[in-house]
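Structure at a glance
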Amino acid sequence: MKKGLIVWILVLLAAGQVQAQTTQGTVALTGILGYYRNTGSADKEELGVRYDALDQDYTIAVAAGFFLQDNLELGASVFMNNSENKSLTPYYSHITDQRSDRQEKTLRIYARKYKFLTEKLAAHATLSGGWNNIAFDVVNTATYLNAPNFTTTYTIADHYNTYSAALSPGLSYFVSDKIAIGLNLGALAYSRYKVDEKFKNIDTRFPDNTYETKYTSHILELDFSSMNFNLGLSYFFHK
């Protein structure tokens, strides 16, 4: 069995000389690059087949903010994530080949107001709005060993478009005049979801079974649970 390889890299994107933290004219840049990969394999001698699996995931996120005045930041962020899974799994009666792919894209704009509690610790409130798109596709094929010409395949294609707005509190601790550690503490958020789901089942014995579902939902939530706490790093430099 091969062991997984996990690599996470945090990238601070910045250049220039830092002269201030949150004063007018300061620029804040934050970037994250994440990558995960895991592979596995094993022999199934009783079936004469081999089990194989691959999981990999990467994330790219960049945010840039400009201080219009002291302690007031206006900015935008881009987030992209892709997750891929492949597996070939033998059973006593059949072999299953499953492949899935998930892609997510997010674009947001935000305004953030800082209020310093001490020389290095600041509370902040962030008002944001944006668009999110998720595409999730699955293909699963089962081949039966006692009937080689008998297979079943189902496919799922889910697509989500979300428009949202949120108000979120948080804290920033300035470890230096260049770098701050930020903690977001949940949000009061409104979201409008548009969902398009397609399912298709192909069975060599029966006619194809296909259905499609479309709907729109509206959600208003106040969520300050620990599940929505997240940390980040920001780099500040003056023009």
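Conventions used here
Residues numbered from 1 in each chain as written. Predicted model: local features only at pLDDT ≥ 70, side-chain atom pairs only at ≥ 80, totals over all residues. Heavy atoms only, no water. Helix = DSSP H or I, 4+ residues; strand = E, 2+ residues; numbered from the N terminus. Buried < 20%, exposed > 50% of the residue type's maximum accessible area, 1.4 Å probe, protein only. Contact = heavy atoms within 4.5 Å. Areas by Shrake-Rupley, 256 points an atom, 1.4 Å probe, with all protein chains shown as cover. Pairing = 2+ DSSP bridges. Salt bridge = Lys/Arg side-chain N within 4 Å of Asp/Glu carboxyl O. Phe/Tyr/Trp six-rings, centres within 6.5 Å; stacked < 30°, edge-to-face > 60°. pLDDT = per-residue confidence, 0-100. Patch = residues over 30% accessible without salt bridge, like charges linked within 9 Å, V, L, I, M, F, W, Y side chains within 5 Å. Lys, Arg positive; Asp, Glu negative; His and termini not counted. Polar contact = N/O pair within 3.5 Å; in protein donor to acceptor, adjacent residues only side chain to side chain.

Here's the deal with the overall build of the protein chain
What the protein chain contains, in helices and strands, is 0 helices and 11 strands. When the helices and strands of the protein chain are placed in sequence order, the string is β-β-β-β-β-β-β-β-β-β-β. For the protein chain, the residues scored as buried account for 32% of the 239 residues in total. Restricting to contacts in the protein chain with at least 6 residues of sequence separation, those with at least 24 account for 66%. As displayed, the protein chain has an accessible area near 14400 Å², and 59% of this comes from carbon and sulfur atoms.

Notes on the pairing of strand E6 (residues 121-144)
As defined by bridge partners, strand E5 (residues 94-116) adjoins E6 across 23 bridges and the pair is classed as antiparallel. Across the sheet, the residue bridging to Tyr114 is His124, located in E6. The antiparallel hairpin formed by E5 and E6 contains 4 residues in its connecting segment. Alignment of E6 against strand E7 (residues 151-174), held across 23 bridges, turns out to be antiparallel. What sits directly across from Asn132, in E7, is Thr162.

So, the pattern of salt bridges
All told, the structure shown has 4 salt bridges when counted by the stated rule. Two residues, Lys86 and Glu84, come together in a salt bridge whose shortest N-O distance is 3.3 Å. Residue Asp97 pairs with Arg99 through a salt bridge whose shortest N-O separation is 3.7 Å. Judged by its relative accessible area of 43%, Arg99 falls in the partly exposed class.

A look at the pairing of strand E8 (residues 179-185)
Summarising the sheet, E7 and E8 pair through 5 bridges and their orientation is antiparallel. Paired with Phe174 across the strands is Ala180, a residue of E8. Counting the residues between successive antiparallel strands, the hairpin from E7 to E8 contains 4 residues.

Some words on the packing of aromatic side chains
Enumeration according to the criterion identifies 3 aromatic pairs in this entry. Ring centres 5.8 Å apart and planes at 35° place the aromatic pair Phe67 and Tyr114 in the tilted group. Remark: Tyr114 occurs in strand E5 and Phe67 occurs in strand E3 (residues 49-69); sequence separation between them is 47 residues. An identical accessibility class is assigned to Phe67 and Tyr114; each is buried. Ring centres 6.1 Å apart and planes at 25° place the aromatic pair Tyr154 and Phe199 in the stacked group. Of this pair, Tyr154 sits in strand E7 while Phe199 sits in strand E9 (residues 187-203), placing them 45 residues apart in sequence.

Considerations on the confidence of the model for the protein chain
Per-residue pLDDT for the protein chain has a mean of 78; in total, 78% of the residues score no lower than 70. The low-confidence segment residues 1-20 (pLDDT under 50) makes 55 contacts with residues lying over four places distant or belonging to another chain.

A word on a nonpolar patch on the surface
A cluster of nonpolar side chains, namely Leu33, Tyr35, Tyr58, Ile60, Val62, Val78, Met80 and Leu107, defines an oily patch on the protein surface of about 640 Å² accessible area. Elements with a minimum of two residues in the nonpolar patch: strand E2 (26-44), E3 and strand E4 (72-90).

What to know about the environment of Gln24
With respect to the helices and strands, Gln24 occurs in the loop between strand E1 (5-11) and E2. A relative accessible area of 52% means that Gln24 is categorised as exposed.

A word on the side chain of Asp57
Mapped onto the elements, Asp57 comes out in strand E3. Although Asp57 is buried, it forms no salt bridge, and the closest oppositely charged side chain is Arg102 at an N-O distance of 6.4 Å. Among the polar contacts made by the side chain of Asp57, one reaches the side chain of Asn81 at a distance of 3.2 Å. Ignoring anything within four residues of it in the chain, the contact list for Asp57 reads Gly34, Tyr35, Tyr36, Asn81, Asn82 and Ser83.

Re the environment of Thr141
Tracing the chain through its elements places Thr141 in strand E6. With relative accessibility at 23%, the residue Thr141 sits in the partly exposed group. Note: C-alpha distance between Thr141 and Ile202 (61 residues apart in sequence) is 9.1 Å. With residues up to four places along the chain from it excluded, the contact list for Thr141 reads Ile95, Thr96, Asp97, Thr152 and Thr153. Of note is the side chain of Thr141, whose polar atom sits 3.2 Å from the side chain of Thr153.

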